[in-house]
Amino acid sequence: MDNQKQKQRLDTFLVTTIFLLVAISIYTLYTLDQHYEKVYDGYYLDQIKWFVVSSIGVATIMFIDFDRYRKFAWPLYILGIFMLAGLHFLPWGYENNGALRWYQFGSTTLQPSEFVKVFLVVALAHVITSHNEKWQSKDLNYDLVLLGKILGLSLPVFVLIAIQPDIGSSLVIASIAAFLIIISGIRWRTVITLFGSVFVIIATLVIIYFANPDGVIEFIEDTPFDHVADRIQAWDNPHLYQDSSAMQAIKSMMAIGSGQLSGKGSMQYQVWIPERHTDMIFTAIAEQFGFVGSSVIIVLFFLMIYRIIQIALECKEPFGTYLCVGIVGMFTYQIFQNIGMSIQLLPLTGLPLPFLSYGGTSLLVYMAAIGLVLNVRSRQKTFMFESNDD
Amino acid sequence: MGKKKQKSHLPLRLNVLFFVIFLLFSILILQLGVVQILYGEDAQAEIDRTENVTSEIPTPRGKIYDRNGNVVVDNSLKYAITYTPQKNVQPEDNLKVAEQLSQYMKMEPDSVTERNMKDYWILKNRDEAYSRLTAEEKTLGDLEQYYAMLEDIDESDLSSISEAEMEVIAIKRELDQAIQLTPHVIKSGEDVTKEEYAVIAEHAYELPGISVSTDWSRENLFAPTLSSFIGGISDRNSGLPKDKLNYYLARNYKLNDRVGESGIEEEYELYLQGKKEIRQHVTNSDGEVIKSELIREGERGKDLMLSIDMEMQQALDQIIREEMEKVISEKPQVNRHFDKVMAVMMDPNTGEIIAVSGHRYIRGDEENAPRFRNEAYRALYDAHLPGSTVKGATILSGLDSGVIEPGTQFNDHPLQFAGSPDKSSWTSTIGVVDDIAALKESSNVYMFRTAMRLGGHWDYVHNNRLRYNGEGYSILSNYFRQFGLGVHTGVDYPFEENGFLGDDDTKGYEVLDMAIGQFENYTTLQLAQYVSTIANGGYRLEPHLVKQIHNPSDTESLGPIYKANEPTVLNKIDMDQDYLERVQEGFRQAFQEPRGTAYYKFADAPYNPAGKTGTAESAIYPGDGTKIDTINLSLVGYAPYDNPEIAFAIVAPHLGESDSHINNEIGRRLLDTYFELKEKRQQGETESDPNSEEETENVEENTETSEE
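Note that the structure is predicted; figures quoted are calculated from it, not measured.

When helices and strands are tallied, chain B shows 27 helices and 23 strands. Counting the 708 residues in chain B, one finds 54% classified as buried. A fraction of 73% describes how many contacts in chain B between residues 6 or more apart in sequence connect residues 24 or more apart. Accessible area for chain B stands at about 31,400 Å²; split by element, carbon and sulfur atoms hold 47% of it.

So, in structure tokens, the structure goes:
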């Protein structure tokens, strides 16, 4: 009976955190709506609607035992790949600002890369679990085959998203893969070798860039990733490009900085920043509520991740742990990238801030991810004596 | 068991991950601290410097109505081509727009300066200009360098600029004057042809900041009647007048605002000027406006209702023109110096000016036909010797100071003083008169005797020297001032003349002259205020040209009253009411009793008029040492005597003769017209419609306005 009860249990800590984040999102969209009339008309109402819809989605996801999602792992993965590839040949593919990233059905748009993130987490968690079930002993062979499987699944997704181009989202894919590689059971020596070489390659590229920035930029400009060149230059030297590519970064710094310790107060906006309701929503909070408000957001995110990792630790099913860690990989990178770019730690990339940014697709996907975590949590087969120290 | 074994690595690795995540988030908070706490104030300072661009969009000026609600000055809309620069527009951008615009519109290069041309040349030949600099100059700062470049440009460079390019420069000159995000009129009104308007409207999308819109201009519907008097407003190029720059800038005006430059437009500028619409703009990196926030709604300027009755005004103007023409055509040689007449009609109970007229006659020559200029402001600006019209004030001075008493008599025969010119009346047959009869028959001698007494010379003895204790002037002028003679009337107009006045050194015989209006010069408005003060029983009222100010309305009719110019008593004549009544009676008899100086003209007038005629010897000194003797004819009066509702003053200076009695002719017709109009309106026979084509055209014949 006790087990039954625990099975239905909802993780109030995580749910409260998410609810707070969404509430802050809706309130922030409301302040934008009030201050910039006609620009963000009724966006907060949309967000409420999507929150309700995605809450139903969460409930649906929790209804099925998370173990059964292993059966859907491959179909979901193939669907994801198809959706990404379909942008290039399906009639609904929709290009905007030079990026082929969306499907358009009537007035609604859909960004497949958002879904694919979660599909990939499920697929990787399944593949790693299966691999560990089959391979009993750990040697180089075990490491390489598992690594090969993880990269084999991740690379096509990474590439398909990168060529849209959407460097931000493809880096999320990389982050998911990296987190799962660390946790998958691959031995430290292999992990360190792999990460070490990646680090060396990146470091070399950075050194080349700083040694000969113009050459690197020229080289990048000849590729389809020329916007990356702009972003890097703008980040490196914002005031040189303040009227063009660095404008958003500078405005963002102005808005956040001028919030100072406690902010300008609710609905007090002075700086106009494009995309403030989506990727730049953090600046809206920081301008209104200052360092105090921004820190609250970061702490809330940290508590969310802390709780997911705790759930991952407590989970007795490896699949559940991998799911949670993959999701942590997704969230961590997005949060760090989104906030980091608005305070000039990182170059600008178009990534929404989970739960805070306006947007139906992304909210639905992140809520689904939380749904999976809650599912894992609610079906923990804990023993009586273990549940006591909960 | 296998599963259990596999999982053993997890807690460690998860903790490592968790630690990494903790580090990442710590970095975020650290950097936030740097951005928000360490450099927060800098960011705020940067915002204050760069954001929050506001623009002010002008609204139409208030209209001007007459006392009966007829529109006198209206705004008429006209085509305009405007330029609204974005933020941080560079000279190169303006040049590009100017070059594009020059394909579609013409622009006279009259206003182009040499500096404009040089700026243009540098823009077009930047490399060449730079190469001319010496090595030393090249090390200078941007601004000094630019000045050096300007100096290096010579005639041959400028002469290489083609005529087409001159047009570009002229357009660019206008563009450069525009303030960011605020519409600036490049060209408007008749200068904009229909073709230009259409073509630019069509191409506006490719001309950043250029749009076609409407501008307004002031239209004086009764022109030339009163148009110079009401005054004009500046155009956008001249903007604020230099002498009142600080005054307007302190009141949030912008340099290129159009303001009233003269007359009523200037006097009531702060009311007529609308409240500008203020918008705050949020711009993106290209300076394009993303969002405009309405900070303050604009409001059209307030409307003025003049105290002027335009129908009476037009009639008065016409009477004056006709009478002047008559006098001049009858005796052109004798009256060759006569060229103007001024008249003011005023409500003696409120100070409201019903009509104010001033006409100047320009004699024709071979090329030009003779014509009139409508210069109503002369009634406030021009001071002339008033003649006997001031005798009412002299009598009151005598009565109140006690040097004469009601009924005091003097024999009117010429006075002779040792060492001074003789003093006599115009008419030699007056005989012994009391104070009332002295006004009726205009006895100079009575006034002299009164003035002598004020100066301490009590009894006249033939051929004695004129004695003067030095106080006569201050006593007499003090009384005169109480009636408005020789002081500002307080009229709501930017300027009025005070008169040409005496001072403490005024001689005894000059005081005698002053008593008969032969010494100090007064304006027609001062005379009108004086006679009003006598008419209404001693209240000196501030004359008003504007009756009330109305809030703007959306309809054709006047909006609710914002402020009314209430009658303002400047001072009350502090004397026995009996004295004032004696003067009123003297004035009545002058108009209504036999032997009265204006009796011949007003005897049959049904409206019970009273007043005083005046004739003054006024010499003209052309400046070549010669002296030309002329005569000023004047008339002040009011009606009806027992319940005055209209007071007036007329001055016709520098006639060659007094037989024409142009003062009385005009006075009679003026009062006749006033009461006819009143009767007509009371009977409601006509809805007064001074806008009708016929009437305005009549008036326009042979007239022209002058801008002062």
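Structure shown, so let's carry the discussion forward.
Here we take up the nonpolar core. Membership of the largest hydrophobic core comes to 114 residues, with the highest contact counts inside it found for Phe301(A), Met304(A), Ile308(A), Phe331(A) and Phe355(A). For this core, the leading source of residues is helix H12 (residues 281-314) of chain A, giving 17 residues. The residues contacting Ile308(A), other than those within four sequence positions of it, are Leu14(A), Cys324(A), Ile327(A), Val328(A), Phe331(A), Ile370(A) and Val373(A). Val73(B), Leu415(B), Met575(B) and Ala649(B) belong to the second-largest nonpolar core, a separate cluster that totals 83 residues.

The next thing to look at is the packing of aromatic side chains. Applying the stated criterion across every chain, the model contains 39 aromatic pairs over all chains. On the basis of an interplanar angle of 80° and a centroid distance of 5.0 Å, the ring pair of Tyr30(A) and Tyr44(A) is categorised as edge-to-face. With Tyr30(A) in helix H2 (residues 12-35) and Tyr44(A) in helix H3 (residues 43-63), this pair connects stretches of sequence that are 14 residues apart. Residue classification places Tyr30(A) among the partly exposed residues on the basis of a relative accessible area of 28%. On the accessibility criterion, Tyr44(A) (18% relative accessible area) is buried. Through successive ring pairs, a cluster of aromatic residues spans Phe302(A), Tyr306(A), Phe18(B), Phe22(B) and Phe25(B). Looking at Arg70(A), its charged tip hangs above the ring of Phe319(A), at a distance of 5.8 Å from the centre. Seen from the ring of Trp188(A), Arg13(B) lies directly overhead, with NZ or CZ sitting 4.4 Å from the centre.

In this section: the confidence of the model for chain B. Residues and elements named next belong to chain B. When the pLDDT values of chain B are averaged, the result is 86; 93% of them are 70 or greater. Overall, residues 1-6 carries pLDDT values under 50, and its contacts beyond four positions in sequence, including any with other chains, amount to three contacts. Overall, residues 688-708 carries pLDDT values under 50, and its contacts beyond four positions in sequence, including any with other chains, amount to 43 contacts.

Looking now at the environment of Leu84(A). All names here are of chain A. Tracing the chain through its elements places leucine 84 in helix H4 (residues 69-86). Given a relative accessible area of 0%, leucine 84 falls into the buried group. Considered as a pair, leucine 84 and tryptophan 102 are 18 residues apart in the sequence and their alpha carbons are 9.2 Å apart. Filtering out sequence-adjacent residues up to four positions away, leucine 84 remains in contact with Pro112, Ser113, Val116, Val157, Leu160, Ile161 and Gln164.

Turning next to the pattern of salt bridges. All names here are of chain B. Applying the stated rule across the entire model yields 54 salt bridges over all chains. For the salt bridge of arginine 595 with glutamate 441, the shortest nitrogen-to-oxygen distance reads 2.9 Å. Note that arginine 595 is positioned in the loop between helix H24 (577-592) and helix H25 (599-602) and glutamate 441 in the loop between helix H19 (435-440) and helix H20 (444-454), a separation of 154 residues in sequence. When the shortest N-O distance is used, the salt bridge between aspartate 459 and arginine 453 registers 3.9 Å. Judged by its relative accessible area of 46%, aspartate 459 falls in the partly exposed class. Residue class for arginine 453 comes out buried when judged on its relative accessible area of 12%.

All names here are of chain B. Looking at the element boundaries, aspartate 347 is found in the loop between strand E9 (340-346) and strand E10 (353-362). The charged side chain of aspartate 347 is buried without a salt bridge, its nearest counter-charge being arginine 67 at 5.3 Å. Not counting residues up to four positions away in its chain, the partners in contact with aspartate 347 are Glu352, Ile354 and Glu645.

By definition, a disulfide is the covalent link that joins the sulfur atoms of two cysteine residues. Residues and elements named next belong to chain A. Under the defined criterion, the tally for this structure stands at zero disulfides over all chains. Among the cysteines around cysteine 315, which has no disulfide bond, cysteine 324 carries the closest sulfur, lying 6.4 Å off. For cysteine 315, a relative accessible area of 2% translates into the label buried.

Our next topic: the sheet that holds strand E3 (residues 108-110) of chain A. Residue and element names in this part refer to chain A. Taken in spatial order, the three strands make up an open sheet running E1-E2-E3, and their pairing is antiparallel. Strands at the two margins of the open sheet, each flanked by one partner only, are strand E1 (93-96) and E3. This sheet shows a mean twist of 50° between the axes of neighbouring strands, independent of strand direction. Note that E1 and strand E2 (residues 99-105) share four bridges and pair antiparallel.

Of all the 13 residues making up strand E3 (residues 71-83) of chain B, 10 are buried; the element is thus mostly covered by neighbouring parts of the structure. With antiparallel pairing between neighbouring strands as the criterion, strand E2 (residues 64-65) of chain B and E3(B) make up a hairpin whose turn holds five residues, including Gly69(B) at a positive phi of roughly 90°.

Our focus in this paragraph is the pairing of strand E4 (residues 184-188) of chain B. Residue and element names in this part refer to chain B. Counting buried positions over the five residues of E4 gives five, a clear majority of the element. Alignment of E3 against E4, held across four bridges, turns out to be antiparallel. Across the sheet, alanine 80 pairs through a bridge with serine 188, a residue of E4.

This brings us to the confidence of the model for chain A. Residues and elements named next belong to chain A. Residues with a pLDDT of 70 or more make up 92% of chain A, whose mean pLDDT is 86. Across residues 1-7 the pLDDT falls below 50, and counting only partners more than four positions away or on other chains, this stretch makes seven contacts in the model. Considering only residues more than four positions removed or in separate chains, one finds that residues 383-390, a stretch of pLDDT under 50, has seven contacts.

Looking now at the UniProt feature "transmembrane region" (unreviewed entry) in chain B. Taken from the UniProt record, the annotation "transmembrane region" (unreviewed entry) applies to residues 12-39 of chain B. Within the segment residues 12-39 of chain B, helix and strand shares are 96% and 0% respectively, and the terminal C-alpha atoms sit 39 Å apart.

Turning next to the side chain of Thr615(B). Secondary-structure assignment places Thr615(B) in strand E20 (residues 610-620). Judged by its relative accessible area of 19%, Thr615(B) is buried.

Each partner contributes to the interface: chain A provides 60 residues, whereas chain B provides 40 residues. Counting each side, the surface lost to burial between chain A and chain B is near 4,600 Å², with a carbon and sulfur contribution of 71%. Linking chain A with chain B are zero salt bridges. Of all elements in the fold, only helix H5 (112-134), helix H7 (167-183), helix H8 (188-211), helix H11 (247-259), H12 and helix H13 (318-342) of chain A reach the threshold of two or more residues within the side of chain A that touches chain B. Grouping the constituent residues of the side of chain A that touches chain B by class yields 36 nonpolar, 15 polar and nine charged.

To continue, consider the packing of helix H18 (residues 391-401) of chain B against H20(B). Residues and elements named next belong to chain B. Interaxial distance between H18 and H20 falls to 10 Å at its minimum, and their mutual angle equals 40°. Taken together, the axis directions place H18 and H20 in an arrangement best described as oblique. As for how H18 packs across H20, the hand of that crossing is left-handed. The segment H18 lies against H20, with Lys391, Thr394, Ile395, Ser397, Gly398 and Ser401 engaging Asn444, Tyr446, Met447, Thr450 and Leu454. Looking at side-chain class alone, the contact of H18 with H20 contains four nonpolar, six polar and one charged residues.

The next subject is a negative patch on the surface. Residues and elements named next belong to chain A. Taken together, the side chains of Asp214, Glu218, Glu221, Asp222, Asp226 and Asp230 define an acidic patch exposed on the protein surface. Among the elements of the structure, helix H9 (213-221) and helix H10 (226-236) are those that each provide at least two residues to the negative patch. Per-element accounting of the negative patch gives the leading share, three residues, to H9. Within the secondary structure layout, aspartate 222 lies in the loop between H9 and H10. Residue classification places aspartate 222 among the exposed residues on the basis of a relative accessible area of 71%.

Here the focus is the packing of H5(A) against helix H6 (residues 140-162) of chain A. Residues and elements named next belong to chain A. For the pair H5 and H6, the least separation of the axes is 11 Å and the interaxial angle reads 170°. With respect to each other, H5 and H6 are oriented roughly antiparallel. Facing Ser113, Val116, Leu120, Ala123, Leu124, Val127, Ile128, His131 and Asn132 of H5, the residues of H6 in contact are Tyr142, Val145, Leu146, Lys149, Ile150, Leu153, Ser154, Val157 and Ile161. Of the residues assigned to the contact of H5 with H6, the class counts are 13 nonpolar, four polar and one charged.

Calculation criteria
Residues numbered from 1 in each chain as written. Chains lettered and ligands numbered in written order. Predicted model: local features only at pLDDT ≥ 70, side-chain atom pairs only at ≥ 80, totals over all residues. Heavy atoms only, no water. Helix = DSSP H or I, 4+ residues; strand = E, 2+ residues; numbered from the N terminus. Buried < 20%, exposed > 50% of the residue type's maximum accessible area, 1.4 Å probe, protein only. Contact = heavy atoms within 4.5 Å. Areas by Shrake-Rupley, 256 points an atom, 1.4 Å probe, with all protein chains shown as cover. Core = buried A, V, L, I, M, F, W, Y, C linked by side-chain atoms within 4.5 Å. Phe/Tyr/Trp six-rings, centres within 6.5 Å; stacked < 30°, edge-to-face > 60°. Lys NZ or Arg CZ within 6 Å of the ring centre and 35° of its normal. pLDDT = per-residue confidence, 0-100. Salt bridge = Lys/Arg side-chain N within 4 Å of Asp/Glu carboxyl O. Lys, Arg positive; Asp, Glu negative; His and termini not counted. Disulfide = S-S within 2.5 Å. Pairing = 2+ DSSP bridges. Axes fitted to C-alpha atoms, helices over the stretch in contact; angles between N-to-C directions. UniProt positions renumbered as here; feature names shortened; annotations may be inferred. Buried area = accessible area lost by both parts, 1.4 Å probe. Nonpolar A, V, L, I, M, F, W, Y, C, P; charged D, E, K, R; others polar. Parallel < 35°, antiparallel > 145°, perpendicular 65-115°, else oblique. Left-handed = near helix turned anticlockwise from the far one by under 90°. Patch = residues over 30% accessible without salt bridge, like charges linked within 9 Å, V, L, I, M, F, W, Y side chains within 5 Å. Charge placed at Lys NZ, Arg CZ, Asp CG, Glu CD.

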